[in-house]
Amino acid sequence: MDGGTVTAGARTTPRGLTVALALAMLLAALGTSIANIALPALAQAFAAPFAQVQVVVVAYLAALTVSVVVAGRLGDRYGLKPMLMAGLTVFALASLLCALAPSLWLLVAARLLQGVGAAFLMTLAMALMRQSAGEARLGRAMGLLGTVSALGTALGPALGGLLMPLTGWRGLFWVQLPLAVLALVLARTALPDTPRRERAASPPLFAVLNRRLAPNLIVNTLVAAVLMATLVVGPFYLGLGLGLKDALVGAVMAIGPAISIVSGVPSGRLVDAWGSGRVLVLGLALLAAGAFFLAVLPGVLGVAGYVGAIIVLTPGYQLFQAANNTAVLADVPADRRGTVSGLLNLSRNIGLILGASLLGGVFAFGAGTEDLLHAKPAAIAAGMQLTFLLAGGLMIVALGMSCGKGAIGR
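Residues numbered from 1 in each chain as written. Predicted model: local features only at pLDDT ≥ 70, side-chain atom pairs only at ≥ 80, totals over all residues. Heavy atoms only, no water.

Caption draft 1: Structural detail: the packing of aromatic side chains. All told, the structure shown has 3 aromatic pairs when counted by the stated rule. The structure contains a cluster of three or more aromatic residues connected by ring pairs, namely Phe46, Trp169 and Phe173. (Phe/Tyr/Trp six-rings, centres within 6.5 Å; stacked < 30°, edge-to-face > 60°.)

Here you go:
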């Protein structure tokens, strides 16, 4: 393959191209989690309260969320490859500025810039993977990106924990610079050139949003909210409700990301074999079952019940992601792939925010107090149960929407 044309069918994606796109997705996901572990060190280095240093994390996520659709639109207008390379350049420059930041607020500004770059990486990697993968292997390609995204998110705290004692907090950003440069070189050499489009060639945004796409985006938001609820509520329940030590809480919380990493590609293969419609319904059914299990089983079986529920819920998430992304992107015209990829990422990020805020609020309401650190185990358990009964209900709603006409996909 000369890198300039793509055909449908069972054609395989060139390895260099796959590595370039996977590395771009890995960097975007890594940036969401690698700074979390440095917050205490940042508070000490800049003599700032926690509420201020927390903005280092929030700034990245906010910039990523508001930029994904813009990144997709620019990719559709000016070409996916040039805009991905521009995003990698911005990400690399921002990583350098983060590592050199002399003050907290300059670090926050650099993280905002890094989040903008990450929006291009996350959105255009997905669009380019759709462009390069044959129809028969599209689910596999989406599953691979899901695996890499989960790996990057899980790798952030672990890599940060290794680097912090050796390099201090600045090392967390220095390490991202050579990775971004490597991804830029790979993108330049391995990605196919895309034809330059005339100005205003991409359709208006309202023309992209239609009845067929909207249910998938809404369901994507609901699923992301439930996933985030497990990440927000889980540590409180395991530590305060079940009384586990911090090390054991961390070990239990690592089970979900580990399952995500190993289940992403198999989920994509299943989409290619069964079709996105059936796999999407299966994924939502597992998500619903897992959420209801989280509401019931930990109260009966303790840690074993919690782990058992996560073992059901997490593969459901990866099945849903691979199927939903495939269903949405399968028949999208070439001049809309960037925009639709951006909308997918936007709906997911909105869901993550809603999961942390609204479902987190439901947890506090169910516990009967905002002061969760001093709540009794029974109150924490009550909050956990209410949160995931609601989450299970949301997955039933999502399942109903997806079984309706137009949301299933191929």
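Caption draft 2: Representation of helix α12 (residues 246-253). Taken residue by residue, α12 has Val249, Val252 and Met253 as its buried positions. Relative to the axis of α12, the buried residues are bounded by an arc of 95 degrees and lie together on one face. (Buried < 20%, exposed > 50% of the residue type's maximum accessible area, 1.4 Å probe, protein only. Helix = DSSP H or I, 4+ residues; strand = E, 2+ residues; numbered from the N terminus. Arc of directions from axis to C-beta.)

Caption draft 3: Molecular detail of the nonpolar core. Counting residues in hydrophobic clusters, the biggest one holds 51 residues, and the most contacted among them are Leu21, Leu84 and Met142. A total of 11 residues in this core trace back to one element, the largest contributor, which is helix α6 (residues 104-132). In contact with Leu21, not counting residues within four places along its chain, are Leu84, Ala125, Leu128, Met129, Leu145 and Leu191. Ranked by size, the runner-up nonpolar core spans 46 residues in total, among them Leu238, Val271, Tyr306 and Ala391. (Core = buried A, V, L, I, M, F, W, Y, C linked by side-chain atoms within 4.5 Å. Contact = heavy atoms within 4.5 Å.)

Caption draft 4: Structural context of unusual backbone geometry. For Ala47, which is not glycine, the phi dihedral falls at a positive 50 degrees. Along the polypeptide, Ala47 turns up in the loop between α2 (39-45) and α3 (50-53).

Caption draft 5: Here's a closer look at the side chain of Gln176. With respect to the element layout, Gln176 can be found in helix α9 (residues 176-190). Sequence-distant contacts of Gln176, defined by excluding residues within four places in its chain, comprise Leu27, Leu30, Gly31, Ile34, Phe91, Ser95 and Gln114.

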